[in-house]
Amino acid sequence: MAAANPGLAQVAAPAVDPAKGMVEDTKDGLVEEEHPVAPDQFDEKYETTKWEIWAYYAYYIGNNGLTLFNFAPTAAQNLLYQQAEAVGGADNEILHFAGQNRTINSIVLLCNGISFAIQIVIFLILGSYADFGTFRPNILIGLSLVAWGIGFGWLGVHKADQWQTGLGLYIVGLIAYQLCLTYWTAAFPGLARNTPLLREKAKQFEDGTITRDEYDFADSMKRNELSNVAFYVQSVGEIFILAVIVGVMFGVHVNASTANNNWGLSVLIAFASGVWILLAIPWFIMEKRRPGQDPGMNIVIAGFWQLWRALTQIWQLKQSLFYLIGYFLLGDSLNTTVTVIGTLQNSIVAYNTLELTYLLLVGIAAQAVGIWSFWTIQKRYGLSTKTMFNAVAVGIILLDGWGMIGIWTHRFGFHHVWEVWVYQVFYGLFVCPWYSYSQTMISEVTPRGKEFLFFSLFSIIGKTSSFIGPLVSSAIIDDTGNNSTPFYFLFALSLVSFLFLLFFVDIKKSRVEQMEFLEREKAAKAKRVAGSEVSA
């Protein structure tokens, strides 16, 4: 795919080899010509630097989820419980919301569903244009500004009668957080493929000293490195941020009263938002604005055309589609599992801000150890992205099995404080690597140059799953009155998802399909442009 201007490096070059390295269709099948050109072409002006990579990592330390993903939902749910108690007594957990009386857990799950449904629409609009031109960084800057505004907005919401406003901030905050995370993540394949290492591997491939499989393995491992190290660095940085937060909590005396505890949650969210701002600025300054695809037509038409092509042609990317299905199912299970366990956890520790902070410290420390261990094992033994991803899927199945036991007995299954602590360790060690390896898997099945579109499409699927799962679980809770019963559904869903991904997704086949897809895309665009010129 041509760059916006001739000679300029793209976010990622096409999967097909240009000119003398093109894949030739013969009666014997697809073969490479004698003198291949590497699939990634380089312009030194856009070479990834060490400082650019560290600026990329720094943004993730800031956008660590403490603001709008961890403590904002806790603050909203805390206000819900206090309002329920105010209107119905100490044992009341029912509030009137969205036209009917609902349990607090049901309200939280419904708000998640509303938030994720809105995200789908936004991803469809932004994702279809983000691979064109050089304006992609502006999308992340704009979304970050919205997220920071929501974070500081919590300073004005910390009383029980403001519960509806709190839910509004919760919903919009989740939208802003997830959009920022997605469009930050989508940049890592381009960073990896413009590194000096990949340039050297490209030269070796052209010289015939390494094979295409060896080049693809180097590309895959570099993407894994950036994704995993980013997650590890973020985890370590988050521990230091939480240590400071503990001091802030003592400073506002969160244990002195309910009002102080409420205020402490709001201060925490605002403080973490301020840290996010400081750590985001280097990335906004140092990111090289690598040109994306040349739209080849009016950019407004091109956005809709690209989205339509992706939606209609993905059926020919069978491995991408299979991963999309598995990602949908397993993501649904994990997102809903975390929400269900989170509501159980919050009720067990009685929304104590300080104790929740300690829990997060333990969880994030375990997360750092977990991702470091996964990446170390992968590097040492040269394991594929899919192998590591499958190992994480087993951890998710075990987590749901743990919760399912709690349906039958109160001795085990997220009913006790000690289980909350063990959960934080288990989740960090064995489940959190999902957030790295699932994204690297997306890059494995994404045609070069289509990263932002495909990451948007996968995020849409992820949000759709997160919209469906909470609604199903909410209905199960409303029907049974037992907050643990969704684990029946979640355990079965995780197991089926894992088996589907294990047997149906083949990364090598995916690379061939991506190659053929980009050839058809190139031909279709040329035909459309030629038709337009004739009409003119």
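Predicted model, so just to flag it, every value in this text is computed and none were measured. (Residues numbered from 1 in each chain as written. Predicted model: local features only at pLDDT ≥ 70, side-chain atom pairs only at ≥ 80, totals over all residues. Heavy atoms only, no water.)

Student: I'm lost on the overall build of the protein in this one. Help?
Tutor: A tally of regular secondary structure across the protein gives 18 helices and four strands. Here the protein holds 536 residues, and 58% of them are scored as buried. Considering only residue pairs separated by 6 or more positions, the protein has 83% of its internal contacts joining residues 24 or more positions apart. As displayed, the protein offers around 21,200 Å² of accessible surface, 65% of which is attributable to carbon and sulfur atoms. (Helix = DSSP H or I, 4+ residues; strand = E, 2+ residues; numbered from the N terminus. Buried < 20%, exposed > 50% of the residue type's maximum accessible area, 1.4 Å probe, protein only. Contact = heavy atoms within 4.5 Å. Areas by Shrake-Rupley, 256 points an atom, 1.4 Å probe, with all protein chains shown as cover.)

Student: Explain the packing of aromatic side chains here, please?
Tutor: Here a ring pair, both rings aromatic, is described through the centre-centre distance and the interplanar angle of the planes. Taken as a whole, this structure holds 35 aromatic pairs when the rule is applied. An aromatic cluster is built from Trp402, Phe412, Phe414, Trp418, Tyr423, Phe426, Tyr427, Phe430 and Phe487, whose rings are joined through pairwise contacts. (Phe/Tyr/Trp six-rings, centres within 6.5 Å; stacked < 30°, edge-to-face > 60°.)

Student: Help me understand the pairing of strand β4 (residues 100-103), please; the structure alone is not making it clear to me.
Tutor: Each regular strand shows side chains that alternate between the opposite faces of the sheet. Sheet topology places strand β3 (residues 94-97) next to β4; four bridges connect them, and they run antiparallel. Its bridge partner being in β4, leucine 95 is matched across the sheet by arginine 102. What sits between β3 and β4 in their antiparallel hairpin is a turn of two residues, with alanine 98 showing a positive phi close to 55°. (Pairing = 2+ DSSP bridges.)

Student: What exactly am I supposed to notice about the nonpolar core here?
Tutor: Generally speaking, soluble globular proteins have nonpolar side chains that are buried together. Judged by nonpolar contacts, the single largest core of 133 residues is most densely connected at Trp154, Trp283 and Tyr323. In terms of residues, this core owes the most to one element, helix α5 (residues 163-185), which gives 14 residues. (Core = buried A, V, L, I, M, F, W, Y, C linked by side-chain atoms within 4.5 Å.)

Student: Quick question: what am I supposed to make of α5 here?
Tutor: Taking 1.5 Å per residue, 23 residues should reach 33 Å; α5 reaches 32 Å between its end C-alpha atoms and fits that length. For α5, the tally of buried residues reaches 19 of 23 residues, placing the bulk of the element in the interior. (Expected span 1.5 Å × (residues − 1).)

Student: Looking at this structure, I do not really get the pattern of salt bridges. What am I missing?
Tutor: Side chains that carry opposite charge are capable of pairing whenever their charged atoms lie near each other. Applying the stated criterion across every chain yields a total of 13 salt bridges. As a salt-bridge pair, glutamate 451 and arginine 193 come within 3.1 Å of each other at their nearest N and O atoms. Of this pair, glutamate 451 sits in helix α16 (residues 451-480) while arginine 193 is found in helix α6 (residues 188-193), placing the two residues 258 residues apart along the sequence. Three or more residues joined by partner-sharing salt bridges are found here, namely Arg193, Asp219, Arg223, Glu444, Arg448, Glu451 and Arg511. (Salt bridge = Lys/Arg side-chain N within 4 Å of Asp/Glu carboxyl O.)

Student: Honestly, the packing of helix α2 (residues 66-88) against α5 in this entry has me stumped. Any pointers?
Tutor: To characterise two packed helices, one gives the angle between the axes of the helices and the distance between these axes. Relative to each other, α2 and α5 sit at 160°, their axes nearing to 9 Å. One finds that α2 runs roughly antiparallel with respect to α5. At the point where α2 passes α5, the crossing takes the left-handed sense. Contact residues: α2 offers Leu68, Phe69, Pro73, Ala76, Leu79, Leu80 and Gln83, while α5 offers Trp163, Gly166, Leu167, Tyr170, Gly173, Leu174 and Tyr177. (Axes fitted to C-alpha atoms, helices over the stretch in contact; angles between N-to-C directions. Parallel < 35°, antiparallel > 145°, perpendicular 65-115°, else oblique. Left-handed = near helix turned anticlockwise from the far one by under 90°.)

Student: Teacher, can you tell me more about the environment of isoleucine 114 here?
Tutor: The topology assignment puts isoleucine 114 in helix α3 (residues 104-127). Residue classification places isoleucine 114 among the partly exposed residues on the basis of a relative accessible area of 33%. In sequence terms isoleucine 114 and isoleucine 171 are 57 residues apart; their C-alpha atoms lie 7.3 Å from each other.

Student: Honestly, a nonpolar patch on the surface in this entry has me stumped. Any pointers?
Tutor: Taken together, the side chains of Trp51, Trp54, Ile281, Ile285 and Met286 define a hydrophobic patch exposed on the protein surface, amounting to about 570 Å² of accessible area. Put simply, the parts of the chain that give the nonpolar patch at least two residues each are α1 (50-62) and α9 (258-286). Element by element, the count of residues in the nonpolar patch is highest for α9, at three residues. Turning to its location among the elements, methionine 286 is positioned in helix α9. By relative accessible area, methionine 286 is classed as partly exposed at 37%. (Patch = residues over 30% accessible without salt bridge, like charges linked within 9 Å, V, L, I, M, F, W, Y side chains within 5 Å.)

Student: When you look at unusual backbone geometry in this model, what are you seeing that I'm missing?
Tutor: The bulk of non-glycine residues show a negative phi, and the bulk of peptide bonds are trans. Here alanine 98, not a glycine, exhibits a phi torsion of approximately 55°, which is positive. Looking at the secondary structure, you find alanine 98 in the loop between β3 and β4. Its identity is not glycine, yet phenylalanine 414 carries a phi of approximately 65°, on the positive side. By relative accessible area, phenylalanine 414 is classed as buried at 4%.

Student: Hey, could you run me through the environment of isoleucine 150 in this one?
Tutor: Take isoleucine 150: it is sitting in helix α4 (residues 136-153). Overall, isoleucine 150 belongs to the buried group, its relative accessible area being 12%. Here the alpha-carbon distance between isoleucine 150 and tyrosine 177, two residues 27 residues apart in the chain, equals 9.9 Å. In contact with isoleucine 150, other than residues within four places in its own chain, are Leu68, Leu169, Val172 and Gly173.

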